[in-house]
Amino acid sequence: MDRQIRRVAVLGSGVMGSAIAAHFANAGIPSLVLDIVPKDAGDDPTSRSAVAAGAVAAMKKTRPSPVFHKNRLALIETGNFEDHMARIAEADWVIEVVKEDMAIKKIVLGNAAPHIGPDALLTSNTSGLGLVEMAATLPEDLRPRFLGTHFFNPPRYMKLFELIPTPGTDPAVTSFIADFARGRLGKGVVMAKDTPNFIANRVGVHAMMATVQVMQELDLSIEEIDALTGPAIGRPKTATFKLADLVGLDTFLHVADNLHPLIPDDEARDAFVAPDYLRKMVEKGLLGRKSGAGFYKMEKKPKKKFYTLDLKTLEYRDKAKARFPEIDQAKSIDDLPERLRTLAFGKGKAGQAIWKLLAASFSYSAMRVGEICTQAAEIDQAVRWGFNWDLGPFEVWDVLGFRKVVERLREDGRPLPTWVDALYDAGAESLYRETDGVLESPTAVEGGFAPAPRDVDAWDFEVLRRAGKEIKRNPGASLLDLGEGVLGLEFHSKMNAVGQDTLNMIMTACTEAEQNWQALVVTNGSDNFSVGANLAMLMMEAVEGNWEDINLIVKAFQRACDRLEMCGVPVVTAPFGLTLGGGCEITMAGNAVRAAAETYIGQVEFGAGVIPAGGGCLRLYTRNLDLAHDKSDLQPAFRAAFETIGMAKVATSAEEARDLAILRPGDSWSMHRDHVAADARAVALGLAATGDFRPPVPDQAIPVMGTAGIALAESVLYNMQEGGFISEHDHKIGRMMAHVLAGGAVPPGSTVSHEHILDLEREGFMRLMGERKTLERMQHILKTGKPLRN
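This is a predicted model, so every value here is computed, not measured.

J.: Give a detailed account of the sheet that holds strand β22 (residues 599–602), specifying residues and quantitative values.
T.: Strand order in the open sheet formed by three strands is β20-β22-β23, and the pairing between neighbours is mixed. The open sheet is flanked by β20 (577–580) and β23 (650–651), the only strands paired with a single partner. With two bridges connecting them, β22 and β23 associate as antiparallel partners. Of the residues in β23, the one forming a bridge with Ile-601 is Ala-651.

Okay, here's the thing in structure tokens:
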């Protein structure tokens, strides 16, 4: 059948239930959220639905926000189980998200079953309870449409979506939900078996518990463990104990306690026995961030200070800095595989600890293949997407060397399954292998391999490169064949900062595209699209007094953005993640934008002591003019652009970027970050296919406020400085920005050219670069990653 999800019902409005409904709202899908009736509600309809309504209302203040835009919450309707259960018949997908208690889940599922439509889907969102047991409580005709889902929290931001079918689930239903979760919800889907805690939590929580054992064995501190288990080995900054504080120590303890009795045959079962100090912490209410104190505590007064819990006394002490020479040296190694090899096989205490915690994870993950999943790649994907590791355990194993790791695991007496022994005995050099261009990972069958799960719409630029699709390359960027006549421009400098190599390749890309291609897409496969201009390069030129060189660099940036905008074929920019400063200006130069929904974009140059000078002021002002209802009143457009740049506003989603006029009303976004390149190609081909694409020409008559705009901005800036809200240098930057946005000191209502405003941008940028306080700001950003207001 041709299934569609037009409406969902969410049973349970707790943290997960309301956030799941919010994420469906992000996808444009309305929902009905139901929960219990409060005991003292009486007959008042509003009071009877207060639990669900309160949970949804609370999301307006939740930070980070569960929705792309505050207006999305209007898609969520609320009610209660007693009065509104019959309304779930309107839903195409009913999702049960009540407390992680099997008895309660069975009751709610049983009450919902009679009201579920004849073709509607039913899922239980659970982090580890048995789906077969739940299915047994349902009518037989509903069981083929029932399965388990596990959204990771928070649903908007976490990529992992574990899907757990039962033996009675219709495979077509499983396939439909997997495709829907990928395409409409932007998820990384992993198929899990119906075993306790499924995949990510089973392996991830074991890794955390094994790390605690290593800490005790080697007498390491909390700070030392977090230094060893964070970015140094390709894991998030939250590492181990910061992550436990973030998740909640009561939740962490609950997961471990629930799992232990359910895995009697697990060889590492005892690793899930929580240490006494963890129980005592929970008893004392030290639950982590939600209680204000856990393994770490922060006090804001009299000044911000961090403390760490002494696990022996359960008293707080000053937070100490972890000191490992090996970690300090490894920071200079950007390549993660090389860094892992250096650390894991190091001779010092750090190397000893890292090997022990990795070895525990290697052994445990290998022993679980066949039990919790079908193949090794599913474990790697689950922990990467669920715990934000850069590499999963089997990928790290291959990085360190399959045979070398097996030999050392055997020396350590770590258990290994027969499939690993068989691979080793067969002379294998790695766990993963490629057969006829298809990546495969091992199964639990000796000598068995299966194609690694692959999302065909998720493009890997390294795979394209290996396939010979790279056409040109320099240190900052590459041109790649994206297929179907579309050329791709990929940035690959550090943090994709825009330097001369990037600008040169933009010019080359446009010429190449005009001569041989139908369209051009600007994107890449990194975590962030671009953090903007190369500040270190600009600072160096300024310190050395190379003002003409800076002028030429800025002029080249302006020309590159103009070239993109006025290229002879359609140009689609496809940003994602951090898209700041110059990255935002490049994005705005596209004829169309296909962004990732999770794009954090803005012109943040003010914080660095300068103004946008790659056409950012020009394009933001003219876009606000285009949106104006009264074209004769220039003040709203001037004010909007002035505030957006002056406050360094950063949109926290592509939808918010539309509010700021960074994206146009016709620009669009992809829910799945990894689909952005494929979706941008489709947009580019659509523009090219019309046959009537015409590149824009520079506007020679842009209406500006002139001296009236400058005076308006000056009055605002004066009052803000007098009130202590901005510094003298902020005032100076604001005055320069107003001069540009107003078109210079021309009579009000004058018209100026595109080139005129670019000249003003460049002149203003150059003047500000000569300020000592600007260089101080840039230096501070390079050192701390944060702006300085001086």
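J.: Quick one: what's the story with the pattern of salt bridges, residue by residue and with numbers?
T.: Here the structure, examined in full by the defined rule, presents 45 salt bridges. Among the salt bridges present, the one from Lys-297 reaches Glu-299, with a minimum N-O distance of 3.4 Å. Close ionic contact of Arg-384 with Glu-395 constitutes a salt bridge, the shortest N to O distance being 3.0 Å. Taken together, the positions of Arg-384 in helix α16 (residues 376–387) and Glu-395 in helix α17 (residues 393–400) put the pair 11 residues apart, joining distant regions of the chain.

J.: Which residues make up the sheet that holds strand β8 (residues 188–191), and what values go with them?
T.: By way of backbone hydrogen bonds, the strands of a sheet pair with one another, either parallel or antiparallel. The sheet built from eight strands is open, its strands ordered β3-β2-β1-β4-β5-β6-β7-β8 with mixed pairing. Edge strands, defined here as strands with exactly one partner in the open sheet, are β3 (76–80) and β8. Strand after strand, the sheet turns through a mean of 25° between neighbouring axes, direction not considered. Of the pairings in the sheet, the one linking strand β1 (residues 8–11) to strand β4 (residues 93–96) comprises four bridges and is parallel in character. In the strand pairing of β4, Val-8 is matched with Trp-93. Contacts from helix α3 (residues 50–58) reach β2 (31–35) and β3, with the element oriented near 155° to β3.

J.: Help me get a handle on the environment of Leu-625, residues and values and all.
T.: Along the polypeptide, Leu-625 turns up in helix α25 (residues 616–627). Residue Leu-625 is classed as buried on the basis of its relative accessible area of 12%. When neighbours within four sequence positions are excluded, Leu-625 is seen to be in contact with Lys-631, Leu-634, Ala-637, Ile-702 and Pro-703.

J.: Quick rundown of a positive patch on the surface? Include the residues and the values.
T.: On the surface, Lys-237, Lys-300, Lys-304 and Lys-786 cluster together into a positively charged patch. Judged by its relative accessible area of 56%, Lys-304 falls in the exposed class.

J.: Please set out the nonpolar core residue by residue, giving values where relevant.
T.: Ranked by internal contacts, the top residues of the largest apolar core, which has 121 residues, are Phe-295, Phe-394, Trp-397 and Leu-400. In this structure, Trp-397 is in contact with Phe-362, Ala-366, Phe-402, Val-405, Val-406, Leu-409, Leu-416, Val-420 and Leu-431, ignoring residues within four places of it in sequence. The next biggest cluster of nonpolar side chains, apart from the first, holds 98 residues, and it includes Ala-21, Leu-163, Met-539 and Ile-611.

J.: Residues and numbers for empty space enclosed by the protein, please.
T.: Summed over all chains, the structure comprises three cavities of 30 Å³ or more. Computed from the structure, the largest cavity encloses a volume of approximately 110 Å³. In terms of lining, the largest cavity is formed by 13 residues, of which the most central are Met-208, Arg-235, Ala-239, Leu-243 and Trp-389. Of the residues forming the lining of the largest cavity, the biggest block, four residues, is contributed by helix α8 (residues 200–218). The residue makeup of the lining of the largest cavity, split by class, is seven nonpolar, five polar and one charged. Roughly 70 Å³ of internal volume is contained in the second largest cavity. In terms of lining, the second largest cavity is formed by Ile-233, Gly-234, Arg-235, Leu-358, Ser-361, Phe-362, Trp-389, Leu-391, Gly-392, Pro-393 and Val-396. Elements represented by at least two residues in the lining of the second largest cavity include exactly α15 (349–368) and α17. Per-element accounting of the lining of the second largest cavity gives the leading share, three residues, to α15.

J.: With reference to specific residues and values, describe a nonpolar patch on the surface.
T.: On the surface, Val-716, Met-720 and Phe-725 cluster together to form a nonpolar patch covering roughly 280 Å² of accessible area. When you line up the elements, Val-716 lands in helix α29 (residues 707–722).

J.: Lay out the packing of aromatic side chains in plain terms, naming residues and giving numbers.
T.: Within the structure shown, the criterion is met by 20 aromatic pairs. Relative to Phe-180, the ring of Trp-93 lies with its centre 6.0 Å away and its plane at 75°, an arrangement referred to as edge-to-face. Of this pair, Trp-93 sits in strand β4 while Phe-180 sits in helix α7 (residues 171–183); the two residues are 87 residues apart in sequence, bridging distant segments of the chain. With relative accessibility at 8%, the residue Phe-180 sits in the buried group. Their ring planes at 65° and their centres at 4.6 Å tell us that Phe-241 and Phe-295 sit as a pair that is edge-to-face. One end of the pair, Phe-241, is in helix α10 (residues 241–247); the other, Phe-295, is in the loop between α12 (276–283) and β9 (296–299), and 54 residues separate them in sequence. Among the residues examined, Phe-241 registers a relative accessible area of 3% and is labelled buried. One aromatic cluster is present, formed by Phe-345, Trp-355, Phe-362, Phe-394, Trp-397, Phe-402 and Trp-419 through successive ring pairs. The positively charged end of Arg-673 is found above the aromatic ring belonging to Phe-576, 3.6 Å away from the centroid.

J.: Tell me about helix α5 (residues 102–112), residues and numbers included.
T.: Listed in full, the buried residues belonging to α5 are Met-102, Lys-105, Val-108, Leu-109 and Ala-112. Projection of α5 onto a plane perpendicular to its axis shows the buried side chains occupying an angular sector of 130°, all on one side. Buried residues belonging to α5 abut β1, β4, β5 (121–125), α6 (131–135) and β6 (146–151). With a side-chain oxygen positioned 3.0 Å from the backbone nitrogen of Ala-103, the residue opening α5 is Asp-101.

J.: Give me the lowdown on the packing of helix α14 (residues 336–344) against α17, citing residues and values where you can.
T.: Axis separation between α14 and α17 bottoms out at 9 Å; the angle between their running directions is 75°. The pairing of α14 with α17 is recorded here as roughly perpendicular in orientation. Touching Pro-337, Leu-340, Arg-341 and Ala-344 of α14 are Val-396, Val-399 and Leu-400, all from α17.

J.: So what's going on with the side chain of Glu-162? Residues and values would help.
T.: Of note, Glu-162 is situated in strand β7 (residues 160–165). For Glu-162, which is buried and forms no salt bridge, the nearest opposite charge comes from Arg-202, at a distance of 10 Å. Within the structure, the side chain of Glu-162 is placed 2.8 Å from the side chain of His-150, a separation counted as a polar contact. One polar contact links the side chain of Glu-162 to the main-chain amide nitrogen of Ile-199, over a distance of 3.1 Å. Here Glu-162 is in contact with Gly-148, Thr-149, His-150, Phe-152, Val-190, Phe-198, Ile-199, Ala-200 and Ala-382, once residues within four sequence places are set aside.

J.: Summarise the pairing of β9; cite the residues concerned and give the values.
T.: As paired elements, β9 and strand β10 (residues 305–310) share four bridges and run antiparallel to each other. Residue pairing across strands places Lys-297 opposite Tyr-307, the latter belonging to β10. Connecting β9 to the next strand, β10, in antiparallel fashion are five residues.

J.: Any details on the packing of helix α26 (residues 635–646) against helix α30 (residues 728–741)? Residues and values, ideally.
T.: Running from N to C, α26 and α30 point in directions that differ by 145°, and their axes come no closer than 10 Å. Note that α26 runs across α30; the crossing there is right-handed. In this structure, α26 contributes Phe-638, Ala-641, Phe-642, Ile-645 and Gly-646 to the contact, and α30 contributes Gly-734, Met-737, Ala-738 and Leu-741. Here the residues of the contact of α26 with α30 sort into seven nonpolar, two polar and no charged.

J.: Describe unusual backbone geometry, naming the residues involved and giving the relevant values.
T.: In the segment running from Asn-153 into Pro-154, the intervening peptide bond is cis, with an omega of 0°. Following Lys-301, the chain continues into Pro-302 via a peptide bond in cis, with omega recorded as 0°. On the secondary structure map, Pro-302 appears in the loop between β9 and β10. Although it is not a glycine, Asp-219 adopts a positive phi angle of roughly 55°. Mapped onto the elements, Asp-219 comes out in the loop between α8 and α9 (222–228).

Reading guide: rules and limits
- Residues numbered from 1 in each chain as written.
- Predicted model: local features only at pLDDT ≥ 70, side-chain atom pairs only at ≥ 80, totals over all residues.
- Heavy atoms only, no water.
- Pairing = 2+ DSSP bridges.
- Helix = DSSP H or I, 4+ residues; strand = E, 2+ residues; numbered from the N terminus.
- Salt bridge = Lys/Arg side-chain N within 4 Å of Asp/Glu carboxyl O.
- Axes fitted to C-alpha atoms, helices over the stretch in contact; angles between N-to-C directions.
- Contact = heavy atoms within 4.5 Å.
- Buried < 20%, exposed > 50% of the residue type's maximum accessible area, 1.4 Å probe, protein only.
- Patch = residues over 30% accessible without salt bridge, like charges linked within 9 Å, V, L, I, M, F, W, Y side chains within 5 Å.
- Areas by Shrake-Rupley, 256 points an atom, 1.4 Å probe, with all protein chains shown as cover.
- Lys, Arg positive; Asp, Glu negative; His and termini not counted.
- Charge placed at Lys NZ, Arg CZ, Asp CG, Glu CD.
- Core = buried A, V, L, I, M, F, W, Y, C linked by side-chain atoms within 4.5 Å.
- 1 Å grid on protein atoms, 1.4 Å probe; cavity = no way out; pocket = protein on both sides within 12 Å on 5 of 7 lines; lining within 4 Å.
- Points joined across faces, edges and corners; volume = space filled by probe spheres on them.
- Nonpolar A, V, L, I, M, F, W, Y, C, P; charged D, E, K, R; others polar.
- Phe/Tyr/Trp six-rings, centres within 6.5 Å; stacked < 30°, edge-to-face > 60°.
- Lys NZ or Arg CZ within 6 Å of the ring centre and 35° of its normal.
- Arc of directions from axis to C-beta.
- Polar contact = N/O pair within 3.5 Å; in protein donor to acceptor, adjacent residues only side chain to side chain.
- Parallel < 35°, antiparallel > 145°, perpendicular 65-115°, else oblique.
- Left-handed = near helix turned anticlockwise from the far one by under 90°.

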